[in-house]
Amino acid sequence: MSGATGLRSWRVMIGFMIMKRRMRVSRGGQVSLPAEIRHRWQTGTVVLEDRGDHVILRPAPDDPIAAADGALAAEFGYIDIVALRRAAREAEILAEERKTR
């Protein structure tokens, strides 16, 4: 592949991945992500980052504990995912209880 052809291929691929769409926000504050983006991201969970004058949406794992399992194994060794989930649920319950006090 020549340099010009290779550069053109990269531009097409980058152009495919960069999409700008004008979206409506519902009365309830919701925005629907287009199916093609949801399918490409392969997740139903996103992280919203408020940058003051704009927001950034990034795909996030549906189960962050399972996603971290392999990533943390080298540093921490064996990780008991069941125990981590239990601790996370307990922390969420405590946080909710503090809100209602």
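Residues numbered from 1 in each chain as written. Predicted model: local features only at pLDDT ≥ 70, side-chain atom pairs only at ≥ 80, totals over all residues. Heavy atoms only, no water.

### Some words on the overall build of the chain
Broken down by element type, the chain carries 4 helices and 2 strands. In sequence order, the secondary structure elements of the chain are arranged as α-α-β-β-α-α. In the chain, which comprises 101 residues, the share counted as buried stands at 8%. Taking contacts inside the chain between residues at least 6 apart in sequence as the whole, the part at least 24 apart equals 4%. Total accessible area on the chain stands at roughly 9,000 Å², and carbon and sulfur atoms take up 57% of it. (Helix = DSSP H or I, 4+ residues; strand = E, 2+ residues; numbered from the N terminus. Buried < 20%, exposed > 50% of the residue type's maximum accessible area, 1.4 Å probe, protein only. Contact = heavy atoms within 4.5 Å. Areas by Shrake-Rupley, 256 points an atom, 1.4 Å probe, with all protein chains shown as cover.)

### Here's the deal with the layout of surface pockets
Considering only enclosed or pocket space, the largest pocket measures out at about 560 Å³ in volume. Around the largest pocket, the lining comprises 15 residues; the ones closest to its centre are Met23, Leu33, Ile37, Trp41 and Leu57. Counting residues per element, the ones that place at least two in the lining of the largest pocket are α2 (35–41), β1 (45–50) and β2 (55–60). Across the lining of the largest pocket, the residue classes break down as 13 nonpolar, no polar and 2 charged. (1 Å grid on protein atoms, 1.4 Å probe; cavity = no way out; pocket = protein on both sides within 12 Å on 5 of 7 lines; lining within 4 Å. Points joined across faces, edges and corners; volume = space filled by probe spheres on them. Nonpolar A, V, L, I, M, F, W, Y, C, P; charged D, E, K, R; others polar.)

### Details of a nonpolar patch on the surface
On the surface, a cluster of nonpolar side chains totalling about 320 Å² of accessible area is made up of Val46, Leu48, Val55 and Leu57. If you list the elements that add at least two residues to the nonpolar patch, you get β1 and β2. One can find valine 55 in strand β2. (Patch = residues over 30% accessible without salt bridge, like charges linked within 9 Å, V, L, I, M, F, W, Y side chains within 5 Å. Salt bridge = Lys/Arg side-chain N within 4 Å of Asp/Glu carboxyl O.)

### Details of unusual backbone geometry
Positive phi, close to 55°, is recorded for glutamine 42, a residue that is not glycine. The topology assignment puts glutamine 42 in the loop between α2 and β1.

### Side note on the pattern of salt bridges
In this structure the tally under the stated criterion is 5 salt bridges. Of the charged contacts in the structure, one is a salt bridge between glutamate 49 and arginine 51, with a shortest N-O distance of 2.4 Å. The salt bridge partner of glutamate 96 is lysine 99, with a shortest N-O separation of 3.3 Å. Of the two residues, glutamate 96 and lysine 99 both sit in helix α4 (residues 81–100), 3 residues apart, roughly one turn of that helix. Taking relative accessible area as the criterion, glutamate 96 reaches 44% and is therefore assigned partly exposed.

### Here we look at the confidence of the model for the chain
Summary statistics for the chain give a mean pLDDT of 80 and a share of 78% for residues scoring 70 or more. Mean pLDDT in the chain bottoms out at helix α1 (residues 3–17), which sits at 60, and peaks at β1, which reaches 91. (pLDDT = per-residue confidence, 0-100.)

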